[in-house]
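These are the residues of each chain, in order.
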Amino acid sequence: MALHPAPITLTPGVRSALEEKVASLIDSETGTIGPEIYADPYLHELEQERVFGRCWLLVAHESLIPKAGDFFASRMGEDPVLVVRQKDGSIAVFLNQCRHRGARLCRADLGKTKAFQCTYHGWTYDLGGNLVSISKSDAVGGDRIDKSEWGAIKVAKIHNFYGLIFATWDEDAPSFEDSLGETRWYWEAMFNRPGGTEVIGGVQKWEVPANWKFGAEQFASDIYHFDYTHVASALAMMPEGMEYQEPPPLEGRQFRDRGHGGVATPMVEMSDMQTAMAMGMEVMRYNQSTRDAHAKLVGEQAAKQTQFVHANMFPNMGILPLNQTLRIWQPKGPNAMEVWAWTLVDRDAPEDIKKQCRIKTQMTFASSGVFEQDDAENWTEIQRVLRGTKARKTLFNNMIGANESKDPSGKYPGRTDRAQSEAASREFYSWWRDLMLQPVQGE
Amino acid sequence: MSSFEMTMPYQRPSDAQASDMETTFRLSQFLYAEAQAIDERRFDDWLAMLAEDLHYEAPARYNRLPRERTKEWASEDEAKHFEDTKEYMQLRVKRLQTDKSWSEDPPSRTRHLITNVQVAHSVSANAYIVDSNFSVYRARAADDEEFFFGTRHDHIRENSSAPAGFEIARRTILFDQTLILSANLGIFF
Amino acid sequence: MAFETVASLDDIEDEGTFVVDGEPKIVLFRVGTDVFATQFFCTHEDAPMDDGWVGDDCTVECPWHASKFDLRTGEALGPPAFEPLQTYPVRVEDGAVMLDRG
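What counts, and where the lines are drawn
- Residues numbered from 1 in each chain as written.
- Chains lettered and ligands numbered in written order.
- Predicted model: local features only at pLDDT ≥ 70, side-chain atom pairs only at ≥ 80, totals over all residues.
- Heavy atoms only, no water.
- Contact = heavy atoms within 4.5 Å.
- Buried area = accessible area lost by both parts, 1.4 Å probe.
- Salt bridge = Lys/Arg side-chain N within 4 Å of Asp/Glu carboxyl O.
- Polar contact = N/O pair within 3.5 Å; in protein donor to acceptor, adjacent residues only side chain to side chain.
- Helix = DSSP H or I, 4+ residues; strand = E, 2+ residues; numbered from the N terminus.
- Nonpolar A, V, L, I, M, F, W, Y, C, P; charged D, E, K, R; others polar.
- Pairing = 2+ DSSP bridges.

Contact with chain A, which involves 46 residues of that partner, is made by 39 residues of chain B. When the two sides are added together, the surface that chain A and chain B hide from each other amounts to roughly 3,600 Å², 53% of it contributed by carbon and sulfur. Where chain A meets chain B, there are 5 salt bridges. Close ionic contact of R384 of chain A with D144 of chain B constitutes a salt bridge, the shortest N to O distance being 3.2 Å. At the junction of chain A with chain B, the criterion picks out 30 residue pairs in polar contact (both at pLDDT 80 or more). Those elements giving two or more residues to the side of chain A that touches chain B turn out to be β7 (110–112), β14 (204–208), α7 (226–229), α8 (231–237), α12 (351–364) and α13 (370–385) of chain A. The element that contributes the greatest number of residues to the side of chain A that touches chain B is α13 of chain A, accounting for 7 residues. Considering only residue class, the side of chain A that touches chain B consists of 21 nonpolar, 12 polar and 13 charged.

Below you can see the structure in the form of structure tokens.
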């Protein structure tokens, strides 16, 4: 179990000292990273305020809460929030904290309710987080308190992006679509599926003793690690009689903007084989059968060029579309994260296809997933080494692949690079640094 | 009606009859031998104890409101930590045996303590219904240690051609954690 | 004392509720083919009882603080409520739900 240091409250003086530090730790021109960004508890606090306190964050998939009163206990950074389906079908997101003495309003992970009653003194909030009852109001003079001013703290904005529910604490946040910048085309192609998507019920959660940014950065930018990190799983998953060969260079492009990143490759014969290996023949055939309908939704070009391999929506939503795992890297102090993972499927897919997807995703990228294990091992070992002072002062190399920024073939829009590049990682950290240098409201 | 009682995620065969002392002893010994094979990393021996039609699963677990306590366990078509066939188990073992499975390099040193063994026989399930508790200690590298506690619900069949005389046809693993406090479930239970 | 038709049985889902506006405001609860009527607000903290959880054991649980009431008698079955809900006579005839507000 990872060590969770006590939270620190930052003061303006400390914040400005931290800004100086952040500016010196990330050099995106040459591509170096000062690893204190993964281990320093003060930087972690500033990150909570300025990254998680400002960005659009994935909090749930709408399929987790289909009916009025359904809720999912989520997180925004280290803050617990409740994501609740309202009677009018809309969704509310608010801090899972009673306004009286701050007790957690709901201790269940998910479920259905009519209201949220604090177990401490019984203050009760409706599905929207509005305070509806101060218990024993008459006897304790509760009528002197204006209930409308003491509702649970609501997020500033909510956005439903093809079933993914995002929220932000920042009133001044750009619209969700604008926050995607030049990567919007890619996310649209990924999530705008015929009939929409859903996640397989429930959620898998496990704790990795490593900073959340290792997961985020890798999903944004790193197919480079595959041949080494995952060689054992790739060997084990080779079908009988097939020889393991050096994987051919990936076609397609790595896309990046505003901290987001990922890789899209063209739909070719190879893509079908990859799907067959990762998810099985039935899923491959199912995917083929949906291609025309997908092209109608997102356009021929987008449908044809986007067999997605990996992606991270800044800051902490990871997805491997090929393996159909969707996850949130939940920060838990600088030294640990919780991974919350789901299997993402087409809502209209036949039940046996959904089952195949679930089983394959669990086998590959999940708590016991054979690929997942190797990733977590690398991240936790980096984190352990960073206990050392010398280690924390030693710069990491983030220089792989020159920034090209334009697809010479013109098939991939926005800023793109070769598939095996760390350009999206440089983008991730440079965006992170820029946010860390800008104060947010209410610091 | 809400109930404080746990709703188990499996159905116990209605004809399950408590087994006699000798059968209980033989099956307990089988479970200990199985645990020993895992702890000594004799995974080929372990695979030989698993039936060809193996179903090995560990449903995800949730904290629930009182009125929904019956939904503590992920249902049949929901998220699971394991949901493996024999083929998948062979794949996991093959991965470990490549010498390149970094999460098990160096290998975990596991100690499976298997207790509270209860054996019943079911004609309808054509198997012994074996419940047992486990505490698994996992030490790795220098100072990495994890603890797993839980219970298992097994269907075990006599198989005279299997080296140990029995084979595990079905195993449901119930972890006591909802959030798995481990970087990976890269060991066997 | 007069029964008036206020709803048809089909208007109310099983283990669902139906609000009868007027003075006093009343909630109908359906359990199988039986219908019960109580006052609208919980006796504890004014929670709207039409949002309560109706049980097949002829109970309703307050949506806010989870006090349970017997729909047949209005009796509070557990804290934090102690006062019973006012109940009203109901008759179901040929699919019509008739209520006597008294």
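Once that is clear, we can look at the sheet that holds strand β1 (residues 26–27) of chain A. All names here are of chain A. Here we have 3 strands laid out as an open sheet, ordered β1-β2-β21, and antiparallel in their pairing. The open sheet terminates on both sides in strands that have one partner only, identified here as β1 and β21 (396–397). Examined bridge by bridge, β1 and strand β2 (residues 32–33) share 2 bridges and lie antiparallel to one another. For I26, the partnering residue across the bridge sits in β2 and is I33.

On to the interface of chain C and chain A. If you look at the interface, chain C gives 7 residues, while chain A gives 14 residues. Interface area, chain C with chain A, both sides summed: about 880 Å², of which 53% is carbon and sulfur. Linking chain C to chain A there are 1 salt bridge. Residue D51 of chain C is joined to K87 of chain A by a salt bridge in which the shortest nitrogen-to-oxygen separation is 3.3 Å. On inspection of chain C and its partner chain A, the count reaches 5 residue pairs in polar contact (both at pLDDT 80 or more). Residue composition of the side of chain C that touches chain A, by class: 3 nonpolar, 2 polar and 2 charged.

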